[in-house]
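These are the residues of each chain, in order.
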Amino acid sequence: MNFFILDSRNTFIVWIYRILGLLCVVTLVMVTFYPAEPSGTALNALPHGDLYEFSRVRHFSQKLPAQLEREDILPTKQRIYLVGDSFTWIARGHRPFPDSLQRETSLGVHASLRLQRYNFHDIPQEAKKGDILILQSVERSIPYRFLKSRKVLAPPALQRVRDWFQRTEPRLRSLLCKFPLVSELENLRLTFLFDFMGEISPFTPVFQLNPPFLFGQFEVQSQRTGASNWIPSESQLDAIVWNLKTWQQQAKKRGMRFLFLAVPNKASVYTDLASIQYSEFLPLLYKSLQKEGIKVVQLLAPFRESSRILYHGTDTHWNQQGGSLAAKLTASAIFEGNQEPVTNRP
């Protein structure tokens, strides 16, 4: 009975719980409604890479170059419309991919960033006959964006929770970056656990210390949809191809040429460092797309054959060498073969 009597000690504990509960509520509200900073600012607030933000272990602390902004778009008669994810604009210390592609092709490149599922409204209304539409997606997001139904990936309720985390993650990072002391204490705690307990964040379960290299859970987790060891069923592969075929048909109605640019997962390129058995998803997809007459930029083999490191060690995105090589290969795919307008082809 004495437990329920609110003496001075119990009153103090109750107020502590109230304050903690209030802080939790305020945090949830802020990460839900707090405006995320512009892309370049948010990236510069993550100076060591997005994967480092998951691990926070000091041994992987590598200062990455600052995000660079786009150059002016060339005012050319024929234009390239690039619809893609973060690989279209993340450029740490080097020109963004649209600018590299613009220099390789001497054509104006108009880029649209899409982090969620793509839809036909992403094709700009000003696009006209003779223009080129490039649809870009990183390998791990291809199933999410181009399978016919989200139910293949996750139950609706789970998908809603996942979407909420995707929306709030940039806001939470922006908030944490405003409190250096909190951030530094978290770094010390996680480094201690790594050194003395052998623990690391489940979001970066695979790593190398020399050189510092991190791999995200979404690339290496066994049979996770979109991971480098994920083996799609025949029906899933057919669904992806069917959706991309629909994109090609929509582009053709506008008189545009269509290319699909699939950026390999970092773990798909560096399978030895990631200690995984690659499923050969991209080669299977290349072959299926080619059978349907869909032009695809094949990056996987040239990336594997390159003697240079093409991705940041503590980030999921390509570095200067990776972006430059991708732009050269994309430009080659645009110009190879017959160059007559799409509408004149059978």
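To be clear, the structure that these remarks concern was listed above.
Rules and cut-offs
- Residues numbered from 1 in each chain as written.
- Predicted model: local features only at pLDDT ≥ 70, side-chain atom pairs only at ≥ 80, totals over all residues.
- Heavy atoms only, no water.
- Helix = DSSP H or I, 4+ residues; strand = E, 2+ residues; numbered from the N terminus.
- Contact = heavy atoms within 4.5 Å.
- Buried < 20%, exposed > 50% of the residue type's maximum accessible area, 1.4 Å probe, protein only.
- Pairing = 2+ DSSP bridges.
- Axes fitted to C-alpha atoms, helices over the stretch in contact; angles between N-to-C directions.
- Salt bridge = Lys/Arg side-chain N within 4 Å of Asp/Glu carboxyl O.
- Polar contact = N/O pair within 3.5 Å; in protein donor to acceptor, adjacent residues only side chain to side chain.
- Right-handed = clockwise from strand over helix to strand, strands pointing away.
- Parallel < 35°, antiparallel > 145°, perpendicular 65-115°, else oblique.
- Left-handed = near helix turned anticlockwise from the far one by under 90°.
- Nonpolar A, V, L, I, M, F, W, Y, C, P; charged D, E, K, R; others polar.
- Core = buried A, V, L, I, M, F, W, Y, C linked by side-chain atoms within 4.5 Å.
- Patch = residues over 30% accessible without salt bridge, like charges linked within 9 Å, V, L, I, M, F, W, Y side chains within 5 Å.
- Areas by Shrake-Rupley, 256 points an atom, 1.4 Å probe, with all protein chains shown as cover.

**Some points on the environment of Ser288**
Part 1 of the reasoning: With respect to the helices, strands and loops of the structure, Ser288 is situated in helix α12 (residues 281-291).
Part 2 of the reasoning: C-alpha separation for the pair Ser288 and Leu237, spaced 51 residues apart in sequence, amounts to 8.2 Å.
Part 3 of the reasoning: Not counting chain neighbours up to four residues away, the residues in contact with Ser288 comprise Leu237 and Val241.

**Some details on the pairing of strand β3 (residues 132-138)**
Every regular strand shows the same layout, with side chains that alternate between the two sheet faces.
Part 1 of the reasoning: Among the seven residues of β3, seven are classified as buried, and the element is accordingly described as predominantly covered.
Part 2 of the reasoning: As judged from the four bridges shared by strand β1 (residues 79-84) and β3, these two strands associate in the parallel manner. Bridge pairing in β3 places Val83 opposite Leu135.
Part 3 of the reasoning: The pairing of β3 with strand β6 (residues 257-263) spans seven bridges and is parallel. Across the sheet, the residue bridging to Ile134 is Leu259, located in β6.

**Remarks on the sheet that holds β1**
Part 1 of the reasoning: Strand order in the open sheet formed by five strands is β2-β1-β3-β6-β7, with parallel pairing between adjacent strands. Unpaired on one side and paired on the other, β2 (108-113) and β7 (295-297) mark the two borders of the sheet. With strand direction ignored, the average angle separating the axes of adjacent strands in the sheet is 25°.

**Things to note about the pattern of salt bridges**
Part 1 of the reasoning: All chains considered together, the criterion is met by 12 salt bridges.
Part 2 of the reasoning: We note a salt bridge from Asp85 to Arg145, for which the minimum N-O separation is 2.9 Å. With Asp85 in the loop between β1 and α4 (97-105) and Arg145 in helix α5 (residues 142-146), this residue pair connects regions lying 60 residues apart in the sequence.
Part 3 of the reasoning: Residue Asp85 is classed as buried on the basis of its relative accessible area, which comes to 2%.
Part 4 of the reasoning: By relative accessible area, Arg145 is classed as buried at 6%.
Part 5 of the reasoning: Glu219 is paired through a salt bridge with Arg140; the nearest N and O atoms lie 2.9 Å apart. With Glu219 in helix α8 (residues 217-220) and Arg140 in the loop between β3 and α5, this residue pair connects regions lying 79 residues apart in the sequence. The same class applies to Glu219 and to Arg140, which are both buried.
Part 6 of the reasoning: By sharing partners, the salt bridges in this structure join Arg79, Lys128 and Asp131 into a single network.

**Quick notes on the side chain of Arg79**
Part 1 of the reasoning: With respect to the secondary-structure elements, Arg79 resides in strand β1.
Part 2 of the reasoning: A relative accessible area of 17% means that Arg79 is categorised as buried.
Part 3 of the reasoning: A polar side-chain atom of Arg79 sits 3.3 Å from the main-chain carbonyl oxygen of Glu126.

**So, the pairing of β1**
Part 1 of the reasoning: Among the six residues of β1, six are classified as buried, and the element is accordingly described as predominantly covered.
Part 2 of the reasoning: Every second residue of β1 is oriented toward a common face, with Arg79, Tyr81 and Val83 on one face and Ile80, Leu82 and Gly84 on the other, all of them buried.
Part 3 of the reasoning: Where β1 and β2 come together, six bridges link them in parallel fashion. Each bridged residue has a counterpart across the sheet, and for Gly84 the counterpart in β2 is Leu113.
Part 4 of the reasoning: Read from β1 through α4 to β2, the crossover connection turns out right-handed.

**Notes on the packing of helix α9 (residues 234-253) against α12**
Part 1 of the reasoning: Running from N to C, α9 and α12 point in directions that differ by 50°, and their axes come no closer than 10 Å. Between α9 and α12, the crossing angle belongs to the class labelled oblique. Viewed along their axes, α9 and α12 form a crossing whose handedness is right-handed. Contact with α9, carried on its side by Leu237, Ile240, Val241 and Leu244, involves Phe281, Leu284, Leu285, Ser288 and Leu289 of α12 and no other residues of that element.
Part 2 of the reasoning: For the contact of α9 with α12, the class distribution of residues is eight nonpolar, one polar and no charged.

**Some thoughts on the nonpolar core**
Part 1 of the reasoning: Counting 64 residues, the largest nonpolar core has Phe260 and Leu285 as the members making the most contacts within it.
Part 2 of the reasoning: Per-element tally for this core: the top contributor is α9, with seven residues.
Part 3 of the reasoning: Discounting residues that sit within four places of it in the chain, Leu285 has contacts with Ile142, Leu237, Ile240, Val241 and Phe260.
Part 4 of the reasoning: Core analysis: the next-biggest nonpolar cluster, separate from the first, contains six residues, Tyr52, Val57, Phe60 and Phe194 among them.

**Examining a nonpolar patch on the surface**
Part 1 of the reasoning: Residues Phe12, Ile13, Trp15, Ile16, Tyr17, Ile19, Leu20 and Leu23 make up a contiguous nonpolar surface patch of roughly 850 Å² in combined accessible area.
Part 2 of the reasoning: Structurally, the position occupied by Ile13 is in helix α1 (residues 8-33).

**Points about the side chain of Thr88**
Part 1 of the reasoning: Structurally, the position occupied by Thr88 is in the loop between β1 and α4.
Part 2 of the reasoning: Look at Thr88 and you get buried, because its relative accessible area is 3%.
Part 3 of the reasoning: Side-chain polar atoms of Thr88 contact the backbone oxygen of Asp85, separated by 2.7 Å.
Part 4 of the reasoning: With residues up to four places along the chain from it excluded, the contact list for Thr88 reads Leu82, Pro96, Phe97, Pro98, Leu113 and Gln136.

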